[in-house]
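One-letter residues, chain by chain:
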Amino acid sequence: MDALLGTCSLPQLRRRRSVKWRTHPADVLPAFVAEMDFDLAQPVVRAVTAALATGDCGYPHKGTLGEAYAAFAADRLGWDVDPARVHPIPDVMTGLAEVVEAITPPGSGIVINPPVYPPFHFRFGFYGRRIIEAPLARDEAGRYQLDRAAIEAALSQPGAAAYLLCSPHNPTGNVWSAGQLEMAADLCQCHGAALLVDEIHAPLVLPGARFVPFGSLRHEMTGQAFVFTSASKGWNIPGLKCGIAIAGSEAGSALLERRSEALLAAHLGVLASAAALTEGRPWLDAARGQLDQNRVLLADLLREHLPGVGYVQPQASFLAWLDCRALGLGDDPSAVFLDRGRVAVGRGPDFGGQGRGFVRLNIGTSPELIAEAVRRMASACRT
Ligand SMILES: Cc1ncc(COP(=O)(O)O)c(C=O)c1O
């Protein structure tokens, strides 16, 4: 592995106290929650330690975050963003929830595309909104697509007020084309629905895929949309609590400004995110290179040890969505893998009914630990 990423030594990782490393006993290999095992990017470490050294632990100030994100978006994503439209938020889900609360009436329906990141299913219920499902379409080869007819039907339901698009998509790893994004935007425009786009995995788009930032489209909906992103997945710093909301319009920006007291990021997270986006690019490239290798390695390992598992390599990020239905382990194979194999993977049904018989495996780690995870999964099938 690239020296920037470290070695992912298991004894060292077990000293971490985050949810990945403290949820299960020490004989379980954790590969569930979306934390990566690489060492932190040095610019992030320097930004945080410099702040600690000067007692700089107060309330957040936006500082250079807007400029840092705008430069990253221009250089890496081909998107011109006005730094004034970039707002720090504590995390993507809180930003989404606050905007949903602000722009949709109580009781509204929020359209999502399952299988999708579990909090999309339950978080808006805390605010009296309900979920309307527009499942992704899946072909025989296991590839997913946005389903125009399903989105149209969902947006046609009474009370459907917003569409939440995950781009790139978790857990399928899809990077949506410009045409697919335009289709979603057209449907929202036609049905008068708000559009919220979660681009948290965009920094980790892998070689061969072309990520299209929603805001870079030539479409009227870009002016009305809110885009959410973060350095938290790309640089593995969710514990530092800083996400980014980008408003498509002056009015959207003013809305985020009015709610800024409800959306306070952590000061250390703002500093770390600005450092990651500017000086952390070599580390990001090393991580993307490793993930590119890891997704291929996983295909080889599955072919050898678990040939019954369906797997389409992700186009982005470090999450592999595995179809385990042919293994005959029931709706929740993760329970069997944990119980008999001592490996903790993500529960498929948490991503929606479409995830029954599936699991999500985290490959943001070393080749050795991926091989160990597959070995444990395979051993669970033999016992
Ligand atoms: C699609 C998606 N959105 C949001 C999040 C959570 O981000 P945050 O911690 O900023 O809320 C994740 C975490 O894995 C995610 O995959």
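For clarity, every value in this text was computed on a predicted model and none was experimentally measured.

J.: Is there a simple way to explain the site of the ligand in this structure?
T.: The local shell around the ligand consists of A34, D91, V92, M93, Y117, C166, N170, D198, I200, H201, S232 and K233. At 2.7 Å, a side-chain N or O of N170 approaches an oxygen atom of the ligand. Starting from 400 Å² of accessible surface for the ligand in isolation, the protein chains cover 92%. With respect to the pocket detection grid, the ligand is positioned in the largest pocket. Class assignment for the residues of the shell around the ligand results in six nonpolar, three polar and three charged.

J.: Could you clarify how one ought to interpret empty space enclosed by the protein in this entry?
T.: Gaps left between atoms show up when a probe the size of a water molecule is rolled over them. Going through the model one piece at a time under the given rule, you end up with one cavity of 30 Å³ or more. For the largest cavity, the calculated volume is near 60 Å³. Partitioning the lining of the largest cavity into residue classes produces seven nonpolar, two polar and two charged.

J.: Just to check I follow, could you spell out the packing of helix α12 (residues 333-341) against helix α13 (residues 367-382) for this structure?
T.: When two helices pack together, you describe them by how their axes are tilted relative to each other and by the distance separating the axes. Interhelical geometry of α12 versus α13 gives an angle of 90 degrees and a closest axis separation of 8 Å. The angle between the axes of α12 and α13 places the two elements in the roughly perpendicular class. Here V336, F337, R340 and G341 of α12 come into contact with α13, specifically with R376, M377, S379, A380 and C381. Taken together, the residues of the contact of α12 with α13 sort by class into five nonpolar, two polar and two charged.

J.: How do you make sense of unusual backbone geometry when you look at a structure like this?
T.: Negative phi is the rule for most residues except glycine; trans is the rule for most peptide bonds. Put simply, P114 and P115 share a cis peptide bond, and its omega is 0 degrees. Mapped onto the elements of the fold, P115 is located in the loop between β3 (109-112) and α6 (119-122). The peptide bond linking S167 to P168 adopts the cis configuration, its omega dihedral lying at -5 degrees. By the secondary structure assignment, P168 is in the loop between β7 (160-166) and α8 (178-191). Phi at N236 takes a positive value of approximately 60 degrees, unusual for a residue other than glycine. Owing to a relative accessible area of 11%, N236 belongs among the buried residues under this scheme.

Rules behind the numbers
- Residues numbered from 1 in each chain as written.
- Predicted model: local features only at pLDDT ≥ 70, side-chain atom pairs only at ≥ 80, totals over all residues.
- Heavy atoms only, no water.
- Near = heavy atom within 4 Å.
- Polar contact = N/O pair within 3.5 Å; in protein donor to acceptor, adjacent residues only side chain to side chain.
- Areas by Shrake-Rupley, 256 points an atom, 1.4 Å probe, with all protein chains shown as cover.
- 1 Å grid on protein atoms, 1.4 Å probe; cavity = no way out; pocket = protein on both sides within 12 Å on 5 of 7 lines; lining within 4 Å.
- Sits in = over half its atoms within 2 Å of the grid points.
- Nonpolar A, V, L, I, M, F, W, Y, C, P; charged D, E, K, R; others polar.
- Points joined across faces, edges and corners; volume = space filled by probe spheres on them.
- Axes fitted to C-alpha atoms, helices over the stretch in contact; angles between N-to-C directions.
- Helix = DSSP H or I, 4+ residues; strand = E, 2+ residues; numbered from the N terminus.
- Parallel < 35°, antiparallel > 145°, perpendicular 65-115°, else oblique.
- Contact = heavy atoms within 4.5 Å.
- Buried < 20%, exposed > 50% of the residue type's maximum accessible area, 1.4 Å probe, protein only.

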